[in-house]
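Residue strings, one per chain:
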Amino acid sequence: MPSEQTSITFPSALKLDLGINPTEDRLVMVAHTAANGVRAMLLTRRMLVVLMDHYGNILKQTSPAAKAQLKHQNEILQMEHIGALFSNKTASTSAPIEQQSPASNALHPETIHLVTEVTMQMNDDHLLIGFSGQRQNTANGNEAEVTPAAAVNLDRTNAHKVLALLNDKAREAGWGLDNLYPWLNNSQLVTSEQKPAN
């Protein structure tokens, strides 16, 4: 579940690869960190819904849409989202994101985490997302322990781009989440041309 804890220290991701493991029906995020090497994070459909709900709410609460009438909030947020997808702006404090199919099987088993907690915090125009979970196949057998896996620091433009990539992966996996996020999935406005280029 989303957590508001701020005292946890996460390995910081310099780059994040996104993919799907169709065999286990998991979204796979591979974080490349400077100090801790490569960390793989597996998200279930349920955990992705929790992540995207909280993610969308933070973007809405911190955008001009929050001050608009309720009936116009989704339209305003959708315009901001589309503008971000068309933007070529990339901040140096944001982790580059690539959409591919990372091979989680090639990673060391102790670097693979099943995500069970997400921590989010908006600082100015940067969104910090921390992922914690249970390490898979640990040497000491303590797989129930939840440990910090990795965190990404995204400027607002890249926060929208990453959300779009997560949404694309959910659609590719056939998880049927489109109706949960109307401002993110307007079929007339969200086209392949608007997907972020890396």
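Structure: above.
Overview of the structure. (Residues numbered from 1 in each chain as written. Predicted model: local features only at pLDDT ≥ 70, side-chain atom pairs only at ≥ 80, totals over all residues. Heavy atoms only, no water.)

Let's talk about the overall build of the chain
Short version of the rule: Secondary structure elements are defined from DSSP: runs of H or I of at least 4 residues count as helices, runs of E of at least 2 residues count as strands, and each element is numbered from the N terminus. Accessible area is worked out with a 1.4 Å probe on protein chains only. A residue is then buried under 20% of its type maximum, exposed over 50%, and partly exposed in between. Residue contacts follow a heavy-atom distance rule, with two residues in contact if any of their heavy atoms lie within 4.5 Å. The method behind every accessible area is Shrake-Rupley, applied with a 1.4 Å probe, and residues are considered shielded solely by the protein chains displayed.
Assigned secondary structure in the chain consists of three helices and eight strands. Along the chain, helices and strands appear, N-terminal first, in the series β-β-β-β-α-α-β-β-β-β-α. For the chain, the proportion of its 198 residues judged to be buried stands at 48%. Considering only contacts within the chain whose residues lie at least 6 apart along the sequence, 63% involve residues at least 24 apart. With an accessible surface of roughly 9,900 Å², the chain has 49% of that area assigned to carbon and sulfur atoms.

Things to note about the pattern of salt bridges
Under the convention used in this document: A side-chain nitrogen of Lys or Arg and a carboxyl oxygen of Asp or Glu constitute a salt bridge if their distance falls within 4 Å.
Under the definition given, this model contains five salt bridges. With a shortest N-O distance of 3.4 Å, D168 and R171 are connected by a salt bridge. Within this pair, D168 and its partner R171 are both found in helix α3 (residues 156-172), separated by three residues, close to a single helical turn. Note that D178 is salt-bridged to R171, the shortest N-O span being 3.3 Å. By relative accessible area, R171 is classed as partly exposed at 37%. Salt bridges sharing common partners tie together D168, R171 and D178.

Quick look at the nonpolar core
What counts is decided by this rule: Only buried residues count toward a nonpolar core. Its members are Ala, Val, Leu, Ile, Met, Phe, Trp, Tyr and Cys residues joined through side-chain atoms within 4.5 Å.
L48, L51, Y55, I129 and L166 are the most contacted members of the largest nonpolar core, which totals 42 residues. Here this core gets nine residues from one element, more than from any other, and that element is helix α1 (residues 45-61). Counting residues in hydrophobic clusters, the runner-up holds six residues, among them A40, L42, I112 and L114.

Any link to function would need more than the numbers given here.
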